[in-house]
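Coordinate analysis (summary)
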Amino acid sequence: MSGGARHWILSVLAALLAAPAARAAELRVGAPAPPLTLVTLDGQHISTADLRGQVVILTFWATWCAPCRAELPLLSDYAARHHAEGLTVLAFSLDDPERLAEVRAIAATLSFPVGLLGSDRAGGYGRMWRLPVSFTIDRAGRLANDGWKEKNPALQAGRLEELVTPLLAK
Amino acid sequence: MNSLRAPRGPTAPRAVLSFAFALGAIVSAPAAFACASCGCTLSADAALGYSVASGWRLSLEYDYIHQDELRSGTQSVSGVPPGQELERETLNRYITAGLNYAPNSSWNVTLLMPWVVRTHSTYGEYDPDEPLELSSSSSSSVGDLRLIGSYQGFLATHNLGVQLGVKLPTGQYGTAVKFEGGPLTGEPLDASLQPGTGSTDVIVGAYYFRAISRDFDFFANVQFQAAVSHHLDEPGNDFRPGNALTGSLGLRYEAHPTWVPQLQVNLQHKSPDQGALADVQNSAGTVAYVSPGIAVAAGKKLELFGFVQLPVYSNLYGYQLFPRYTVSVGVSYRL
């Protein structure tokens, strides 16, 4: 390849990578959480904007994601125990509509609403490039936890106690 | 914008997924074996992103391949030895219409219908004692249709697929197109430069893709094409195109939902054409291209892409015309 062509390719790549990206880079703990609406399997619309005053966990999962399947029962149990304290969990499945029956079967075992995300993008939370991932919003609507920065992407019971329980006490 | 997506293993929770709801790949690079070991190696499937969306799609792709550099082995050369054909240039333009149907997220079938516009000029057999006289030809006609079925249902994430297809001898072949100017006027063009090969080829392939970070997807694919029967099969009047193995690796920059810059590396190895009408000594080789490009979603149903292919390596048997670059642009519309 000629030097000119090489220079051209590198220049284009540099420009592309430097361009501002419409993604989750804007996520910042303590800042207002990006709004997101769950369309549940029975057609209800639940927006995070309408849940001010509650602690909200947004969790993203899929039927084929084994760590997600391990996480969901734990999260369901935790959500049931803390619902009265103002905890809401919204679960977004990244499954194809073809797997809706399987999604419904799993959703029936959970204590929180489930819907299909319908895209690989979740607004200000960015591209769902790996699963599971969860985000926590405090009662004031601020992002309390950025799941992309979690060392362990699957929420464990201990992590829930450490991260969410203090928010519920406020 | 369409995305690639990939699975997450139970023991590797950091794996990837990216969804593939958007527009999908319905076009695929046209077979370009008529131009020996050059061009048309771009993976248009990956350019638009492999799709799990069901339904019908239409596509149109334009490929521009101007072969005006004479090469031998890994070098550019200024001439050929006496007795060898001294070609001047070949300009190929492929306009390929595609029709794709996916009944579900696991299966899809694509019909590719190329229209081949080609001009070619040659000085004929080189004789240092004779003045160079240029002969030229021009053709514009339908090429060889390709029908390719894909299955990507091995994984729930649909990011591993296999392909099986056939290339049909629908284009003119053999001696159909003749020189129209110069001392070779009326003589048939080389069989490898005809719009079609006259052969029925089997195509097998596989592809894999996954997200590797928040912003990048990776893909790899390979496709093998071999003629299993050919119309030109009489002794002294036979032609069988060489087998071709094509592979691509690439990265897609997925930070933006509507425009996806990407970089492909395209490799192809082609074995020599065979038969009395074949230019056996000058039709094989191995080539590699680096191909920067971009795919843009213009609405929910329409997607565009454009790529430039820059050759970074070629090892060509004999003497062959080779492009200094190629250009591919395409559009895909979901019905």
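Preceding block: the structure.
Quick summary incoming for the structure in this document. This structure is a prediction, so every number in the text was calculated from the model and none was measured. (Residues numbered from 1 in each chain as written. Chains lettered and ligands numbered in written order. Predicted model: local features only at pLDDT ≥ 70, side-chain atom pairs only at ≥ 80, totals over all residues. Heavy atoms only, no water.)

Concerning a negative patch on the surface
Residues Glu125, Asp127, Asp129, Glu130 and Glu133 of chain B make up a contiguous surface patch of negative charge. By the secondary structure assignment, Asp127 of chain B is in the loop between β4 (107-125) and β5 (135-142). (Patch = residues over 30% accessible without salt bridge, like charges linked within 9 Å, V, L, I, M, F, W, Y side chains within 5 Å. Areas by Shrake-Rupley, 256 points an atom, 1.4 Å probe, with all protein chains shown as cover. Salt bridge = Lys/Arg side-chain N within 4 Å of Asp/Glu carboxyl O. Lys, Arg positive; Asp, Glu negative; His and termini not counted. Charge placed at Lys NZ, Arg CZ, Asp CG, Glu CD. Helix = DSSP H or I, 4+ residues; strand = E, 2+ residues; numbered from the N terminus.)

Quick notes on helix α2 (residues 66-82) of chain A
Residues and elements named next belong to chain A. Over its 17 residues, α2 runs 25 Å from end to end, which matches the ideal 24 Å to within 8%, given 1.5 Å per residue. Looking at α2, one finds that the buried residues are Pro67, Cys68, Glu71, Leu72, Leu75, Ser76, Tyr78, Ala79 and His82. Where α2 is buried, its residues touch β3 (55-61), β4 (87-93), α3 (100-107), β6 (133-137), α4 (157-163) and α5 (165-169). (Expected span 1.5 Å × (residues − 1). Buried < 20%, exposed > 50% of the residue type's maximum accessible area, 1.4 Å probe, protein only. Contact = heavy atoms within 4.5 Å.)

Looking at the sheet that holds β6 of chain A
All names here are of chain A. Strands sit in the order β5-β4-β3-β6-β7 across an open sheet of five strands; the sheet is mixed. In this open sheet, the two strands that pair with only one neighbour each are β5 (114-116) and β7 (143-145). Sheet twist, expressed as the mean angle between neighbouring strand axes with direction ignored, is 25 degrees. Sheet topology note: the β4/β5 ladder contains three bridges and is parallel. By the bridge assignment, Ser93 is partnered in β5 with Leu116. Across the face of the sheet, α2 comes into contact with β3, β4 and β6 while running at roughly 160 degrees to β3. (Pairing = 2+ DSSP bridges. Axes fitted to C-alpha atoms, helices over the stretch in contact; angles between N-to-C directions.)

What to know about the side chain of Ser134 of chain A
With respect to the helices, strands and loops of the structure, Ser134 of chain A is situated in strand β6. With residues up to four places along the chain from it excluded, the contact list for Ser134 of chain A reads Ile57, Leu58, Thr59, Glu71, Asn145, Asp146, Gly147 and Leu155 of chain A.

Thoughts on the packing of aromatic side chains
In this description, a pair of aromatic rings is defined by centroid distance and the angle of the planes. Residue and element names in this part refer to chain A. Inspection of the entire model under this criterion finds 15 aromatic pairs over all chains. Seen from their ring centres, Trp129 and Trp148 are 6.2 Å apart, and the 15 degrees between their planes marks the pair as stacked. Linking Trp129 in the loop between β5 and β6 with Trp148 in the loop between β7 and α4, this pair joins segments that are 19 residues apart in sequence. For Trp129, a relative accessible area of 14% translates into the label buried. Measuring from centroid to centroid gives 5.8 Å for Phe135 and Trp148, while their planes differ by 70 degrees, and the two rings are edge-to-face. One end of the pair, Phe135, is in strand β6; the other, Trp148, is in the loop between β7 and α4, and 13 residues separate them in sequence. Taken together, the ring pairs connect Phe60, Phe92, Tyr125, Trp129, Phe135 and Trp148 into an aromatic cluster. (Phe/Tyr/Trp six-rings, centres within 6.5 Å; stacked < 30°, edge-to-face > 60°.)

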